[in-house]
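Working through the structure, step by step
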Amino acid sequence: MKVIVAGAGIGGLVAAAALAECGLQVTVYEKAQSEDDMRYDWHDDVEKEYFELLGVKPPEGAFRKKNWSFASPCSDKVRRYYQEEKDADFSVERRALNRILIEKAKNAEIEFASTVTSPVIRDGIVTGVVVNGRKEEADLVIDSAGIFSRIRRALVKEGLLPDFRKEEIFMAYRAFFERNKSIPDPEYTNKVYLKHQGQNGISWAILDNDPNMVDVLIGRIGELDDETLADALTCLRKENPIIGEKVLRGGIKVAIPVRYPATRTVADGYVSIGDAAFLTIPMLGSGIASSTKAAFLLSETVKEALAAGERQKAFSKENLWKYQVKIYRLFGAEHCGLDILKRNVLKMDVNTLEWMLVSDILTNEEIGKLAGGGMLNVSFKEILRKIKVAGIKRLGVLLELNGLLNKSKKAYRIAKKIPVEYDGRRIDEWEKSLNSLYE
């Protein structure tokens, strides 16, 4: 049985490795010219448990992430988040992680300089892909080609998959600038600006683990035009003169989904993973751990069908739907709840957001949960403390926040009720009920 993985994304490579190990013929088509050309030229944060999940050690050069400092959108006030170093995530070079994943997928065939332009669909069944102008047949196509995947786009047009909206995409510019050595180390070395310049998005200026570089990110929901980027960079430099003029690494824009997981990731002969399935943490845009977990869930689903002797049904939408259910039960429902919080935080006026940030209405633990992509569960005792902090003047805001938390929990509960078996009518009803919370 043949499996094609379109795009050597994180989830795609982990799935390729797992499925090849159980005897399937797996081919990965990657548009990059070589392994060295893959991934972004920077490091990203991953959960400390991630390497246990993969069964490997952190690659050389990995380091513990520093504590964040959150800057107010309308003043110079800053709120620090404190975390024990042993509990902090690892920051890992993308290309170093890539080498680990390619080594694990050694039983699969990886073809570079191979651009997948469309799926091959017959009678509603995905039977292969068109790659570099030729048709390649497969029993299963795993779409790991990112948010703008042409395969996913074709299946959206066929009515087989849901689409996304512009406001569910985070456009981010990231560059590592040469450090201005005439400036001493800043007081806050990991400074994040919420709703930077009053806009829907964030920016950051971080003294990198390499003391010769400053890590800069400027991101906005929906779009990031050149004028907005230039203005934000000028503003960052004014407040962080340690940022030099020369770009040493990165310097590109990327698109990242920041929404709840796709409510449909499967079709007959097809499954999406990673950004193509919106498997990122809505508050952060990080999808490394989620995509890897999804890859193991996918391989588990396929192995279970093969072990039961259901080879002909292994790649049907009815069987692959089990993968969808596992995603929502493991982390997808939590992401649905978190997406509610993210959307409403973006709607807050800057003065309310500043008050929430610099007062002690949010505990250090709560800030850590939100920063790490977790939902908030507030005890009755903590509610009473927050009421005392808010006082009469801010009681209305606190009531709004309580309503927001309740809506977040509602999204979580609905998401958990995903139909266990593939039933078109029931799935439509569940999907409609969940989607209505985000309209």
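Up top you'll find the structure we're talking about.
Here's what I pulled together on the structure shown here. (Residues numbered from 1 in each chain as written. Predicted model: local features only at pLDDT ≥ 70, side-chain atom pairs only at ≥ 80, totals over all residues. Heavy atoms only, no water.)

A word on the overall build of the protein
Definition in use: Only DSSP runs of H or I reaching four residues or more are called helices, and only runs of E reaching two or more are called strands; each is numbered from the N terminus. It only takes one pair of heavy atoms within 4.5 Å for two residues to be counted as in contact. Surface accessibility follows the Shrake-Rupley procedure with a 1.4 Å probe radius. Residue values consider only the protein chains on display as shielding. Positive charge is attributed to Lys and Arg, negative charge to Asp and Glu, and no charge count is given to His or to the chain ends. Where a charge lies is defined by one atom per residue type: Lys uses NZ, Arg uses CZ, Asp uses CG and Glu uses CD.
Looking only at helices and strands, one finds 12 helices and 19 strands in the protein. Partitioning the contacts of the protein with sequence separation of at least 6, the portion at a separation of at least 24 is 72%. If you sum the accessible surface of the protein, you get close to 19,900 Å²; carbon and sulfur atoms cover 49% of it. On the protein, the mean spot of the 66 positive side-chain charges and the mean spot of the 64 negative ones are 4 Å from each other.

Some remarks on the sheet that holds strand β3 (residues 43-46)
Spelled out, the test is: Strands were regarded as paired on the criterion that DSSP finds at least two bridges between them.
Taken together, the three strands give an open sheet; going across it, the order is β3-β7-β4, and neighbouring strands pair in antiparallel fashion. Across the chains shown, the open sheet's two edge strands, defined by having one partner strand only, are β3 and β4 (63-64). Looking at chain direction, β3 and strand β7 (residues 90-93) are connected through four bridges and run antiparallel. Bridging from a neighbouring strand, Asp 45 pairs with Ser 91 of β7.

Thoughts on a nonpolar patch on the surface
As a reminder of what qualifies: Patches here: salt-bridge-free residues with over 30% relative accessible area, like charges joined within 9 Å, nonpolar side chains (Val, Leu, Ile, Met, Phe, Trp, Tyr) joined within 5 Å. Whenever a carboxyl oxygen of Asp or Glu lies within 4 Å of a side-chain nitrogen of Lys or Arg, that contact is scored as a salt bridge. A 1.4 Å probe rolled over the protein chains alone gives each residue an accessible area, and that area as a share of the maximum for its type sets the label: buried under 20%, exposed over 50%, partly exposed in between.
On the surface, Phe 380, Ile 383, Leu 384, Ile 387, Ile 392, Leu 395 and Leu 399 cluster together into a nonpolar patch covering about 700 Å² of accessible area. Among the secondary structure elements, those contributing two or more residues to the nonpolar patch are α10 (380-390) and α11 (395-416). In terms of residue count, the dominant contributor to the nonpolar patch is α10 (four residues). Here Ile 383 is to be found in helix α10. For Ile 383, a relative accessible area of 30% gives the class partly exposed.

Observations concerning the nonpolar core
What counts is decided by this rule: Here the nonpolar core consists of buried residues drawn from Ala, Val, Leu, Ile, Met, Phe, Trp, Tyr and Cys, with membership extended through side-chain atoms lying within 4.5 Å.
Counting residues in each nonpolar core, the largest one holds 73 residues, and the members touching the most others are Val 3, Val 26, Tyr 50, Ile 142, Tyr 323, Tyr 328 and Leu 434. Broken down by element, the residue count for this core peaks at 12 residues, all from helix α7 (residues 317-347). Once you skip the residues sitting within four places of it in the chain, Val 3 turns out to touch Leu 19, Leu 24, Gln 25, Val 26, Thr 27, Leu 140, Ile 142 and Phe 315. Counting 31 residues, the second largest nonpolar core, distinct from the first, contains Ala 172, Trp 355, Ile 361 and Ile 367.

Here we look at the packing of aromatic side chains
Filter applied, for reference: Aromatic rings from Phe, Tyr and Trp, with only the six-membered ring used for Trp, were paired whenever their centres fell within 6.5 Å, and each pair was classed as stacked if the ring planes differed by under 30 degrees, edge-to-face if by over 60, and tilted otherwise. When the NZ atom of lysine or the CZ atom of arginine is within 6 Å of a ring's centre and also within 35 degrees of its normal, the charge is said to sit over that ring.
Using the criterion set out here, one finds nine aromatic pairs in the structure. Ring plane angle 85 degrees and centroid distance 5.8 Å describe the contact between Trp 321 and Tyr 422, whose orientation is recorded as edge-to-face. Taken together, the residues Trp 321 in helix α7 and Tyr 422 in the loop between α11 and α12 (424-435) connect sequence positions 101 residues apart. Classification of Tyr 422 as partly exposed rests on a relative accessible area of 27%. A network of ring pairs unites the aromatic residues Tyr 50, Phe 51 and Phe 90 as a single cluster. Over the face of the ring belonging to Phe 90 we find Arg 64, whose NZ or CZ atom lies 4.2 Å from the ring centre.

Regarding the pairing of strand β13 (residues 169-179)
With respect to burial, β13 is a largely interior element, 10 of its 11 residues being buried. Looking at chain direction, β13 and strand β17 (residues 243-257) are connected through 10 bridges and run antiparallel. Across the sheet, the residue bridging to Phe 176 is Arg 249, located in β17. Across nine bridges, the pairing between β13 and strand β16 (residues 213-221) is antiparallel. Opposite Ala 172, over in β16, you have Gly 219 as the bridge partner.

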